[in-house]
Amino acid sequence: MVTTTKKTIENKSATEETLLTPRFYTTNFQELAQLDISSNSREIESIVEEFRIDYNRDHFIRDKEFSNTWDFFDAKTRGIFIEFLERSCTAEFSGFLLYKEISRNLKKENPLLAEGFSFMSRDEARHAGFLNKAMSDFNVSLDLGFLTKTRKYTFFAPKFIFYATYLSEKIGYWRYITIYRHLEKNPDFRVYPIFRFFESWCQDENRHGDFFAALLKSQKHLLNTFESKLWCRFFLLSVFVTMYLNDLQRTEFYSTIGLDAKKFDKHVIRKTNQSSGTLFPVVLDVENPKFFEMLDKCDEANNELIRISIDEKKRDNSNSFFDSSKTLFQKFFAYQKMIFNLIKLFLLPAIDTNCIWTK
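Here the structure is a predicted model, which is why all the values come from computation and not from measurement.

Looking at the overall build of the protein
Across its full length, the protein holds 12 helices and 6 strands. By principal-axis analysis of the C-alpha atoms, the protein measures approximately 60 × 55 × 40 Å. Out of the 359 residues belonging to the protein, those deemed buried represent 49%. With the model as given, the accessible surface of the protein reaches about 18,000 Å², and the carbon-plus-sulfur share is 55%. Charge centroids of the protein, computed over 51 positive and 49 negative side chains, lie 1 Å from each other.

Regarding a nonpolar patch on the surface
A surface patch of nonpolar side chains, about 410 Å² in accessible area, is lined by Y335, I339, I343 and L347. Judged by its relative accessible area of 60%, L347 falls in the exposed class.

Some remarks on the nonpolar core
Within the largest apolar cluster, 109 residues are counted, with the highest numbers of intra-cluster contacts made by F195, F211, L215, F280 and F291. At 15 residues, the largest contribution of residues to this core is made by helix α6 (residues 158–185). When residues no more than four places from it in sequence are discounted, the contact partners of L215 are L35, I37, I44, L113, F117 and F162.

A word on the packing of helix α4 (residues 111–136) against helix α7 (residues 198–218)
Running from amino to carboxyl end, α4 crosses α7 at an angle of 155 degrees, the nearest separation of the two axes being 11 Å. By the criterion of interaxial angle, the relationship of α4 to α7 is roughly antiparallel. Seen along the crossing, α4 lies across α7 with a hand that is left-handed. Seen from α4, the contacting residues are L113, G116, F117, M120, D123, E124, H127, F130 and L131; seen from α7, they are W201, D204, E205, H208, F211, F212 and L215. Partitioning the contact of α4 with α7 into residue classes produces 9 nonpolar, 3 polar and 4 charged.

Some remarks on helix α10 (residues 261–276)
Along its 16 residues, α10 runs 22 Å from first to last C-alpha, staying within 8% of the 22 Å computed at 1.5 Å per residue. Turning to α10, its buried residues are A261, F264, D265, V268, I269, T272, N273, S275 and S276. Projected down its long axis, α10 shows its buried positions confined to an angular sector of 155 degrees, all on one face. Relative to its buried face, α10 has exposed residues pointing more than 90 degrees away, namely K263 and Q274. Sitting at the head of α10, D260 places a side-chain oxygen 3.0 Å from the backbone nitrogen of K262.

A few points about unusual backbone geometry
Positive phi, normally seen in glycine, also occurs at D54, with a value near 60 degrees. Summarising the element assignment, D54 is placed in the loop between α2 (41–53) and α3 (75–106). Note on D54: relative accessible area 9%, which makes it buried.

Procedures and definitions
Residues numbered from 1 in each chain as written. Predicted model: local features only at pLDDT ≥ 70, side-chain atom pairs only at ≥ 80, totals over all residues. Heavy atoms only, no water. Helix = DSSP H or I, 4+ residues; strand = E, 2+ residues; numbered from the N terminus. Buried < 20%, exposed > 50% of the residue type's maximum accessible area, 1.4 Å probe, protein only. Areas by Shrake-Rupley, 256 points an atom, 1.4 Å probe, with all protein chains shown as cover. Lys, Arg positive; Asp, Glu negative; His and termini not counted. Charge placed at Lys NZ, Arg CZ, Asp CG, Glu CD. Patch = residues over 30% accessible without salt bridge, like charges linked within 9 Å, V, L, I, M, F, W, Y side chains within 5 Å. Salt bridge = Lys/Arg side-chain N within 4 Å of Asp/Glu carboxyl O. Core = buried A, V, L, I, M, F, W, Y, C linked by side-chain atoms within 4.5 Å. Contact = heavy atoms within 4.5 Å. Axes fitted to C-alpha atoms, helices over the stretch in contact; angles between N-to-C directions. Parallel < 35°, antiparallel > 145°, perpendicular 65-115°, else oblique. Left-handed = near helix turned anticlockwise from the far one by under 90°. Nonpolar A, V, L, I, M, F, W, Y, C, P; charged D, E, K, R; others polar. Expected span 1.5 Å × (residues − 1). Arc of directions from axis to C-beta. Polar contact = N/O pair within 3.5 Å; in protein donor to acceptor, adjacent residues only side chain to side chain.

Structural data, given as structure tokens:
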């Protein structure tokens, strides 16, 4: 490889939003500010102290390997990596914005939580900046300021933020550490230096997950009621399905780094489900053979919806009444198949964990 000459960086337009793209969130800040965390303040304080230490302060520093040229990537591989970096950067930046806003709104009424969220926003900003800088190696970058102003924000109640973000941080940990360990054993597949940073990087995700776990333990009604069991099952399933459907659309990325996307996802789902069993009152029975069978049927329905969408765009504005009606029926049956299997997945018997703080 040779070192890169000066290059022109283009601002990349944001990916079109779909149900599976990373989203930006907002919440009820006043409700968060009034949370009584006294029942578990010691654990929360100990995690915030870990944030203060800032173990990864000097971790996200690009070294000379990044100065190599990546022009040897063919157009297809280059596109695969840009998409991976863009989606990852958007997800990290979304976390930064949410945590920053929560911290700003909690400063006066709940300073301990405000400090915790401030440290997590610091970490997410680092991650997003590091990923965006990596995109510049491929001559593109995201305009994060423009993204802040133009992206739609989805409202989530605080308790949903706790469930969803706990799981997204823990699943992020298992994704990063699994990729890191695989490439440690198979260095020939480490085709880009960012993967070397995943071991320490994933510890940020793990600590963030621990912070949300401590928060949930301070709100026992979110873990020890019948309703909370339903929400735990719902968010476990939502996170697993989203990752599975996304990754099976990106098998070429995983094959580039020597992984089978389906096997990778099954491993990550099992590990995240196992981790969640140390907090949630119930977890999903992912060892039930029907679980992954129904996930695959959801993937089939998702592929059908993607195919229909591509065909629709090809026809552009030339759709006849017959074509429009045909497309409508095709979408209906694909969505029906997806929803039917999601309901069956949700209704599969769950596993009680009997965690002591849910009593």
